[in-house]
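Summary of the model geometry
Residue-level listing of the chains:
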Amino acid sequence: MSILIKNGHVATASEDYLADVYIEGEQIVAIGSNLPYKADKVIDATGKVVLPGGIDPHVHLDMPFMGTFSSDDYETGTRAALFGGTTMVIDFILQTQGDSLYNALRIWQQKSVGKALADYSYHMAVTDFNPQTADEVVEMIEKEGITSFKTFMAYKGALMIDDGQMVQLMQIVKKHGGMVTVHATNGDMIDSLIAQNRSLGNHAPLYHYLSQPEVTEAEASARFADMLFYTGCPGYIVHLTCEGALNAVREATKRNQQINVETCIQYLLLDASLYEQDFDGAKWVMSPPLRQKKDQEALWAGIQQGLVNVVATDHCPFTWEQKQMGKEDFAKIPNGHPAIEHRMELLFSEGVNKGRISLPKFVELSTTNAAKKFGMYPRKGTIAIGADADICILDPKKKHTLSAKTHHMRTDYSAYEGREVTGKVETVLLRGKVAIENGKCLLEPGYGNFVKREKVK
Ligand code: URP
Ligand code: ZN
Ligand code: ZN
């Protein structure tokens, strides 16, 4: 099968220009003006932007969490991702405390193999670091192509490791060419604020926000940075939300340290005023919580300054019925929200169309940096000869409205209900196959491949 995309505005992280893109089989074979190839299928991209398919490196599919499971599985979640122009995701495997990494890997393989429509990889969450885990970390890197290890500084009793375990994990991961990623919030302080609020009879979603103040994230981010500095391990902070945490990263740069930072689209666009309503605020109960407008400004500025490198989603959807688990107690509301489908369009609309970021910066944030940092570049994350033909063709002027009535995520509400967006994903290719066209998904479950990743350079 060959495909010729004609006359598109092609964008990579370094440049954008008018060109044709020619694809044979799964790869891009030629890029240039007026390419002379005869193809099985020609796509006219006049007036459209031709982007590398998005990579969302922070999603939770079919994940056991807070007494339930995130409501999108590999089939529904990766299909929704494709509708939004994201052709690859990195999900999180959770080690069960007391059990092995390999057992966890097998469970996640059962969830994904034969079910995913988009390509995928896993971060391995190390929730119980011990000598056996240390050996398995090495095997994950050397044999399985899983090179990033997620840690939690919160969720004590289920996911959190202590600082001693963190440092030991960093030492082994550095030695073997991996990366340690972190949910950086001070779990002990948050647990004590939650207990205080409960004892005062404060049960509304607003108290989820008030139990996780900015300082809990700033403190943990600085502590993580210090541990990285001591060990020399490459590190990546997931879902950074606020000015204080960004300042911790900024402070670390003064000793010539480089820390990779991800924020998520919701932290750039939504704020904590959404919690100032009754139980409806549960739709946005996530950890860390939404912050203040000044934090959004800090994050947009951090993007320009090169401190924030990746925009992900932390897609961890629950249905409205699942959210009711916390009707009487904010601490029982499953944490997370649906977003996998909207990241690219929202970032394009609010970032590029509103003049906050350039088109190459959009590409860098939405795909290239994730591919580079997680060992997949240039196979993924760019439009280049020899790269996988993962392509998102977007109409930059088309307006549409986000709604649970039209989205493809398995949730009965939208975090962006009624929001108008300028820029619509129209056609998506994954490894040379048309995935999305005319509002339909043409791929079947199982087309998505597991992507083995290289060591961190
Ligand atoms: O609220 C969130 N973020 N849920 C998913 C788990 C996590 O902390 O990323
Ligand atoms: Zn987290
Ligand atoms: Zn997450």
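Residues numbered from 1 in each chain as written. Chains lettered and ligands numbered in written order. Predicted model: local features only at pLDDT ≥ 70, side-chain atom pairs only at ≥ 80, totals over all residues. Heavy atoms only, no water.

1. Considering the site of ligand 1
Around ligand 1, the neighbouring residues are His-58, His-60, Phe-65, Tyr-155, His-183, His-239, Met-286, Ser-287, Asp-314, Cys-316, Asn-335 and Gly-336. Contact between ligand 1 and His-183: an oxygen atom at 3.0 Å from a side-chain N or O atom of the residue. When its residues are assigned to classes, the shell around ligand 1 shows four nonpolar, seven polar and one charged. (Near = heavy atom within 4 Å. Polar contact = N/O pair within 3.5 Å; in protein donor to acceptor, adjacent residues only side chain to side chain. Nonpolar A, V, L, I, M, F, W, Y, C, P; charged D, E, K, R; others polar.)

2. Notes on the nonpolar core
Note on soluble globular proteins: their nonpolar side chains tend to be buried together. Counting residues in each nonpolar core, the largest one holds 115 residues, and the members touching the most others are Leu-51, Phe-149, Met-166, Phe-224, Leu-268, Leu-347 and Phe-362. Counting the residues that make up this core, at least three belong to each of domain 1 (2–51 + 383–405 + 421–441) and domain 2 (54–373). Sequence-distant contacts of Phe-224, defined by excluding residues within four places in its chain, comprise Met-153, Met-166, Met-170, Val-180, Thr-181, Val-182, Gly-235, Tyr-236 and Ile-237. Counting residues in each nonpolar core, the second largest holds 16 residues, with Val-21, Ile-43, Ile-391 and Ile-393 among its members. (Core = buried A, V, L, I, M, F, W, Y, C linked by side-chain atoms within 4.5 Å. Buried < 20%, exposed > 50% of the residue type's maximum accessible area, 1.4 Å probe, protein only. Domains from an automatic or database assignment. Contact = heavy atoms within 4.5 Å.)

3. Some details on the environment of Gly-32
Position of Gly-32 among the secondary structure elements: in strand S3 (residues 27–32). Along the chain, Gly-32 and Ile-436 lie 404 residues apart, while their C-alpha atoms are 24 Å from each other. What Gly-32 contacts, discounting residues up to four positions off in sequence, is Ala-19 and Asp-20. (Helix = DSSP H or I, 4+ residues; strand = E, 2+ residues; numbered from the N terminus.)

4. As for the packing of helix H2 (residues 101–112) against helix H3 (residues 131–144)
Where H2 meets H3, the axes come as close as 9 Å, and the angle between the chain directions of the two elements is 45°. As the angle between them shows, H2 and H3 are arranged oblique. Each of Leu-101, Tyr-102 and Leu-105 in H2 lies in contact with H3, whose residues at this interface are Thr-133, Glu-136, Val-137, Glu-139, Met-140, Lys-143 and Glu-144. (Axes fitted to C-alpha atoms, helices over the stretch in contact; angles between N-to-C directions. Parallel < 35°, antiparallel > 145°, perpendicular 65-115°, else oblique.)

5. A short note on the coordination of the zinc ion (ligand 2)
Those donors, His-183 (ND1) and His-239 (NE2), are the protein atoms that reach the zinc ion (ligand 2), and they lie 2.1 Å from it. Coordination at the zinc ion (ligand 2) comes from four donor atoms whose angles at the metal span 56 to 151°, giving a geometry best classed as irregular. (Donors = N, O, S within 2.8 Å, 3.2 Å for Na, K, Ca; no water. Tetrahedral: all angles 85-135°; square planar, octahedral: opposite > 155°, others 65-115°.)

6. Considering the coordination of the zinc ion (ligand 3)
Those protein atoms acting as donors to the zinc ion (ligand 3) are His-58 (NE2), His-60 (NE2) and Asp-314 (OD), and they sit at 2.0 to 2.2 Å. One can describe the donor arrangement at the zinc ion (ligand 3) as irregular, given that its four donor atoms subtend angles of 85 to 136° at the metal. All donor residues of the zinc ion (ligand 3) come from one chain, and their arrangement in sequence is H-x1-H-x253-D. For Asp-314, a relative accessible area of 8% corresponds to the buried category.

7. Remarks on the domain arrangement of the chain
Each domain of the chain was delimited in the assignment, giving domain 1 (2–51 + 383–405 + 421–441) and domain 2 (54–373). Just the C-alpha atoms count here: the centres of domain 1 and domain 2 sit 29 Å apart. Regarding the contact of domain 1 and domain 2, the summed buried area is about 1900 Å², with carbon and sulfur atoms giving 71% of it. Three residues stand out in domain 1 for area buried against domain 2, namely Ala-13, Leu-430 and Cys-441, and they jointly supply 24% of the buried area on that side. Note that Asp-119 and Arg-431 form a salt bridge whose closest N and O atoms lie 2.7 Å from each other. The interface formed by domain 1 and domain 2 holds six residue pairs in polar contact (both at pLDDT 80 or more) in total. Those elements that place two or more of their residues in the side of domain 1 that touches domain 2 are strand S1 (2–11), strand S5 (49–52), strand S16 (391–401), strand S17 (420–430), strand S18 (433–437) and strand S19 (440–441). Sorting elements by how many residues they give to the side of domain 1 that touches domain 2 places S17 first, with eight residues. Taken together, the residues of the side of domain 1 that touches domain 2 break down into 16 nonpolar, seven polar and six charged. (Buried area = accessible area lost by both parts, 1.4 Å probe. Salt bridge = Lys/Arg side-chain N within 4 Å of Asp/Glu carboxyl O.)

8. Describing the packing of aromatic side chains
Note on aromatic pairs: each is described by the distance of the centres and the angle between the planes. By the definition in use, this model includes twelve aromatic pairs. Taking 6.0 Å as the distance between ring centres and 55° as the angle between the ring planes, the aromatic pair formed by Tyr-120 and Phe-450 counts as tilted. With Tyr-120 in strand S10 (residues 119–125) and Phe-450 in the segment after S19, the pair connects residues that are 330 residues apart, well separated along the chain. With centroids separated by 5.7 Å and ring planes inclined at 65°, the aromatic side chains of Phe-152 and Tyr-155 adopt a geometry described as edge-to-face. Phe-152 sits in the buried class, given a relative accessible area of 4%. The ring of Phe-92 carries the charged tip of Lys-150 above its face, separated from the ring centre by 4.2 Å. Residue placement shows Arg-431 over the ring face of Tyr-447; its charged tip is 4.4 Å from the ring centre. (Phe/Tyr/Trp six-rings, centres within 6.5 Å; stacked < 30°, edge-to-face > 60°. Lys NZ or Arg CZ within 6 Å of the ring centre and 35° of its normal.)

9. Topic: helix H4 (residues 163–176)
For H4, spanning 14 residues, the distance from its first C-alpha to its last is 20 Å, which sits close to the expected 20 Å at 1.5 Å a residue. Looking only at H4, the buried set comprises Gln-165, Met-166, Val-167, Leu-169, Met-170, Val-173 and His-176. Looking at the buried residues of H4, the elements they touch are H3, strand S11 (148–152), strand S12 (179–183) and helix H7 (214–231). A distance of 3.1 Å separates the backbone nitrogen of Gly-164 from a side-chain oxygen at the start of H4, and that oxygen is part of Asp-162. Looking at the residues trailing H4, positive phi occurs at Gly-177, about 85°. (Expected span 1.5 Å × (residues − 1).)

10. Looking at the pairing of S12
Of all five residues that make up S12, five are buried, and the element is covered over most of its length. A two-sided burial pattern is seen for S12, the buried positions comprising Met-179, Thr-181 and His-183 on one face and Val-180 and Val-182 on the other. Of the strand pairs in this sheet, S11 and S12 are connected by five bridges, and their pairing is parallel. Along S12, the bridge assignment pairs Thr-151 with Val-182. Each parallel crossover has a hand, and the one from S11 via H4 to S12 is right-handed. By the bridge criterion, three bridges tie S12 to strand S13 (residues 235–237) in an arrangement that is parallel. (Pairing = 2+ DSSP bridges. Right-handed = clockwise from strand over helix to strand, strands pointing away.)

11. Describing the pattern of salt bridges
What the rule picks out here adds up to 32 salt bridges. Between Asp-62 and Lys-111 there is a salt bridge; the shortest N-O distance is 3.8 Å. Of this pair, Asp-62 sits in the loop between strand S6 (54–59) and strand S7 (64–65) while Lys-111 sits in helix H2, placing them 49 residues apart in sequence. Given the relative accessible area of 22%, Asp-62 is considered partly exposed. For Asp-295, the salt bridge is made with Lys-294, and the minimal N-O distance between the two is 2.8 Å. Of the residues examined, Lys-294 reaches a relative accessible area of 34% and is grouped as partly exposed. A cluster of three or more residues bridged by salt bridges with shared partners is formed by Glu-26, Asp-119, Arg-379, Lys-380, Asp-388, Asp-390 and Arg-431.

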